[in-house]
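Structure assessment
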Amino acid sequence: MHRRLFPRTLALLALVAAAATAGAPTATAESPTPAATRLHATIDAILADSRLAGAQASVVVKDAATGETVYHRNGDRRLVPASNTKLLTSAAALELLGPGHRFSTEVRTSGARRAGLVSGNLYLRGGGDPTMLAADYDALAAQVAAAGVRVVTGNLVADDTRYDDTRLGPDWTWDDEPYYYAAQVSALTVAPDTDYDAGTVIVHAAPGATAGARPVVTTTPATRYLKIDNRAETVAGGETSVSFERAHGSNTVVVTGQIALGAASASDWVSVWEPTGYAADVFRSALRRHGVRVLGRTVLGQATPEGAAEVGRHRSMPLAELMVPFLKLSNNGHAEVLTKEIGRVLSGSGTWSAGLAAISEYVADAGMDTGTLRQRDGSGLSRRNLVPADEFVDLLTAVRAEPWFDTWYAALPVAGEADRFVGGTLRSRMRGTPAAGNVHAKTGSLTGVSGLSGYVTDADGRVLAFSILLNNYLASSVKTLEDQIAIALASYTEKGVTSARVAPPAAPDAPRVPEGLECAWVKPNAC
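Residues numbered from 1 in each chain as written. Predicted model: local features only at pLDDT ≥ 70, side-chain atom pairs only at ≥ 80, totals over all residues. Heavy atoms only, no water.

Here's the deal with the packing of helix α4 (residues 134–146) against helix α5 (residues 275–289)
- The N-to-C vectors of α4 and α5 enclose an angle of 50°; their axes lie 8 Å apart at closest approach. Classed by the angle they form, the pair α4 and α5 counts as oblique. For the element pair α4 and α5, the recorded crossing hand is right-handed. Mapping the contact onto sequence places Ala134, Tyr137, Asp138, Leu140, Ala141 and Val144 in α4 and Ala279, Val282, Phe283, Ala286, Leu287 and Arg289 in α5.
- Across the contact of α4 with α5, the residue classes tally to 10 nonpolar, no polar and 2 charged. (Axes fitted to C-alpha atoms, helices over the stretch in contact; angles between N-to-C directions. Helix = DSSP H or I, 4+ residues; strand = E, 2+ residues; numbered from the N terminus. Parallel < 35°, antiparallel > 145°, perpendicular 65-115°, else oblique. Left-handed = near helix turned anticlockwise from the far one by under 90°. Contact = heavy atoms within 4.5 Å. Nonpolar A, V, L, I, M, F, W, Y, C, P; charged D, E, K, R; others polar.)

Encoded structure:
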């Protein structure tokens with residue numbers, strides 16, 4: 001119930017701030033200060049850029065402590081937010097699940113056990129953990145062996161029933177499906193590395209021994225779940241140009257192109273079809289390595305019976321820690337798992353609809369007008385998501401009072417910070433400007449869609465909450481315009497004569513990112 005008090009609290013803070021600053025120059029809609037006028041002119045000039053001709057632009061900036069509007073253009077316009085949607089999902093997850101929430105993956109047995117023989121099934125029960133690595137499945141297999149299990153006469157049952165079996169968001173475009181940033185969602189899955197892109201495999205191609213030979217193709221993790229159709233060729237000279245494409249509806253990866261003798265391996269991340277089977281394959285291989293034989297077949301999607309004996313368990317990192325790879329790298333899979341986990345924990349239904357209903361209730365309590373927005377998934381991949389910039393700023397302002405806010409704020413990408421797990425999707429942006437190390441914000445990208453929403457501290461020390469949403473442009477990128485606005489806000493002062501600059505100072509060029517993708521979605525990471 002405390003969240004329903006936010007509007008009153010903000011109003012009171014505004015009155016206190018007004019009293020405390022009596023006599024100081026203040027801006028109003030009717031009589032803005034000269035500094036406010038310069039700031040408005042600066043942002044207006046940025047938004048007049050020809051790249052936005054015929055496009056839609058919405059920008060809202062407020063003092064995060066008082067709620068005073070600093071800048072407003074089209075703030076009530078519903079626009080596609082892309083990955084800015086993750087602000088709603090992540091805030092709701094921290095509130096509804098709690099920063100200490102962990103996912104558990106269990107191994108259980110049914111039937112009688114005697115002298116290392118299990119006369120029944122072995123159950124691998126998924127708890128939704130998107131951070132499960134092959135090494136974690138190996139550790140689970142070691143626990144099974146340490147428990148004295150040597151032979152299982154029944155099947156290996158992969159229990160993914162914590163969530164429903166809808167693997168892809170209902171509005172996601174079909175041509176994204178093979179790519180790792182649109183991986184299928186399951187309660188039982190595998191991540192190939194510590195970016196934790198669950199439901200994906202890294203495919204590598206190394207040059208063959210001689211020109212004309214097929215490249216040597218391997219995967220991380222090693223798995224027989226994929227079938228490799230190797231059509232590529234090793235060549236004596238020239239550039240390496242290898243492509244990895246998974247055929248829709250299958251786990252056949254077609255490798256084409258060429259790789260030069262002596263060249264480094266080429267790699268790419270691909271999603272798998274049905275990640276539950278992928279997890280079961282990785283776990284079965286780990287069992288064999290530890291001397292545990294399962295005589296039956298692998299069965300997917302059956303529930304673990306009540307009373308099955310536990311012989312192994314793995315617990316994930318706490319949610320507070322997971323927030324870092326989730327938000328820094330804009331991990332879509334994490335957003336969707338958290339959405340289904342919220343639904344499961346709050347209503348017993350691990351579905352998108354249940355999770356989204358709970359998220360909507362939380363953000364409404366936090367001050368967002370949910371009658372003005374639509375959220376269709378957890379990550380922002382759906383183009384049917386529509387959120388006004390006004391509502392993002394209301395959320396950003398309200399959550400500063402939450403006990404988990406410091407964790408959330410630190411997990412947002414930080415402009416210009418080179419470390420991937422600090423700067424995240426902003427690590428190559430706004431370097432060498434007043435916004436560097438200052439702006440904490442969530443990026444968002446789809447073709448023709450870009451957004452940046454978060455916090456910046458201005459030159460007077462005020463924390464500003466802002467949201468920039470740009471839609472329907474035809475340019476390859478408009479992110480420099482977002483950066484210029486953020487730099488103008490970081491430079492803003494009412495105390496001196498410094499005026500914000502329209503153009504940022506020269507900074508190293510950021511890596512080029514294909515249109516419509518977050519930089520963290522380009523592997524190797526392009527941020």
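A few points about the pattern of salt bridges
- Scanning the entire structure with this criterion turns up 23 salt bridges.
- Arginine 51 serves as the salt-bridge partner of aspartate 49, at 3.0 Å between the closest nitrogen and oxygen.
- Overall, the relative accessible area of 23% leaves aspartate 49 in the partly exposed class.
- Notably, a salt bridge pairs aspartate 160 with arginine 167, separated by 2.7 Å at the nearest N-O pair. Neither residue differs from the other here; aspartate 160 and arginine 167 are each classed as buried. (Salt bridge = Lys/Arg side-chain N within 4 Å of Asp/Glu carboxyl O. Buried < 20%, exposed > 50% of the residue type's maximum accessible area, 1.4 Å probe, protein only.)

Regarding the side chain of serine 58
- Along the polypeptide, serine 58 turns up in strand β1 (residues 56–63).
- The contacts of serine 58, once residues within four sequence positions are left out, are Arg73, Asn74, Gly75, Leu79, Ala389, Ser467, Ile468 and Leu469.

Quick notes on the nonpolar core
- With 66 residues, the main nonpolar core has Met323, Val399 and Trp408 as its most contacted residues.
- Only α3 (86–96), α6 (319–328), α7 (332–347), α8 (352–365), α9 (389–398), α10 (405–411), β22 (449–457) and β23 (463–471) provide two or more residues apiece to this core.
- Setting aside residues up to four positions removed in sequence, tryptophan 408 forms contacts with Leu87, Ser90, Ala91, Leu94, Met323, Leu327, Leu396, Val399 and Tyr455.
- Val152, Val242, Val255 and Val294 belong to the second-largest nonpolar core, a separate cluster that totals 39 residues. (Core = buried A, V, L, I, M, F, W, Y, C linked by side-chain atoms within 4.5 Å.)

Some thoughts on the environment of tyrosine 278
- Relative to the assigned elements, tyrosine 278 resides in helix α5.
- Judged by its relative accessible area of 0%, tyrosine 278 falls in the buried class.
- For tyrosine 278 and threonine 200, which are 78 residues apart along the polypeptide, the C-alpha to C-alpha distance reads 9.2 Å.
- If we skip the residues at most four places from it in the chain, tyrosine 278 touches Val190, Gly199, Thr200, Val201, Pro221, Thr223, Tyr225 and Val272.

Structural notes on the sheet that holds β1
- Read across the open sheet, the 5 strands follow the order β2-β1-β23-β22-β21; overall the sheet is antiparallel. Where the open sheet ends on each side, the last strands, each with one partner, are β2 (69–73) and β21 (440–446). Going across the sheet, the axis of each strand differs from the next one's by a mean of 5°, ignoring polarity.
- Note: β1 against β23, 8 bridges, orientation antiparallel. Among the inter-strand pairings, valine 61 is bridged to a residue of β23, identified as phenylalanine 466.
- On top of the sheet, α9 reaches β1, β2, β22 and β23; it is set at about 150° to β23, its chief contact. (Pairing = 2+ DSSP bridges.)

Thoughts on α7
- Taking 1.5 Å of rise per residue, 16 residues should cover 22 Å, and α7 covers 23 Å from first to last C-alpha, within 8% of that figure.
- If you check which residues of α7 are buried, you get Asn332, His334, Ala335, Glu336, Val337, Leu338, Thr339, Lys340, Glu341, Ile342 and Gly343.
- Taken together, the buried residues of α7 touch α3, α6 and α8.
- Just downstream of α7 lies glycine 348, where phi reads positive at about 80°. (Expected span 1.5 Å × (residues − 1).)

A short note on the environment of glycine 367
- Tracing the backbone through its elements, the reader meets glycine 367 in the loop between α8 and β20 (387–388).
- For the pair glycine 367 and phenylalanine 392, spaced 25 residues apart in the sequence, the C-alpha separation amounts to 9.9 Å.
- Apart from the residues within four sequence positions on either side, glycine 367 is in contact with Glu391 and Asp394.

Looking at the pairing of strand β14 (residues 241–246)
- Here β14 shows a clear split, with Val242, Phe244 and Arg246 buried on one side and none of Ser241, Ser243 and Glu245 buried on the other.
- Bridging between β14 and strand β15 (residues 252–260) involves 6 bridges; their strand directions are antiparallel. Looking across to β15, one finds that phenylalanine 244 is bridged to valine 255.
- Here β14 folds back onto β15, and the loop between the two strands holds 5 residues, one of which, glycine 249, carries a positive phi near 80°.

So, the packing of aromatic side chains
- Scanning the model with the defined rule gives 10 aromatic pairs in all.
- Seen from their ring centres, tyrosine 179 and tyrosine 181 are 5.9 Å apart, and the 5° between their planes marks the pair as stacked.
- Since its relative accessible area comes to 34%, tyrosine 179 is described here as partly exposed.
- Classification of tyrosine 181 as buried rests on a relative accessible area of 12%.
- Arranged with centres 6.3 Å apart and planes meeting at 75°, the rings of tryptophan 404 and tryptophan 408 form a pair that is edge-to-face. Here the two residues tryptophan 404 and tryptophan 408 agree in accessibility, since each one is buried.
- One aromatic cluster is present, built from ring pairs that chain together Trp404, Phe405, Trp408, Tyr409 and Tyr455. (Phe/Tyr/Trp six-rings, centres within 6.5 Å; stacked < 30°, edge-to-face > 60°.)

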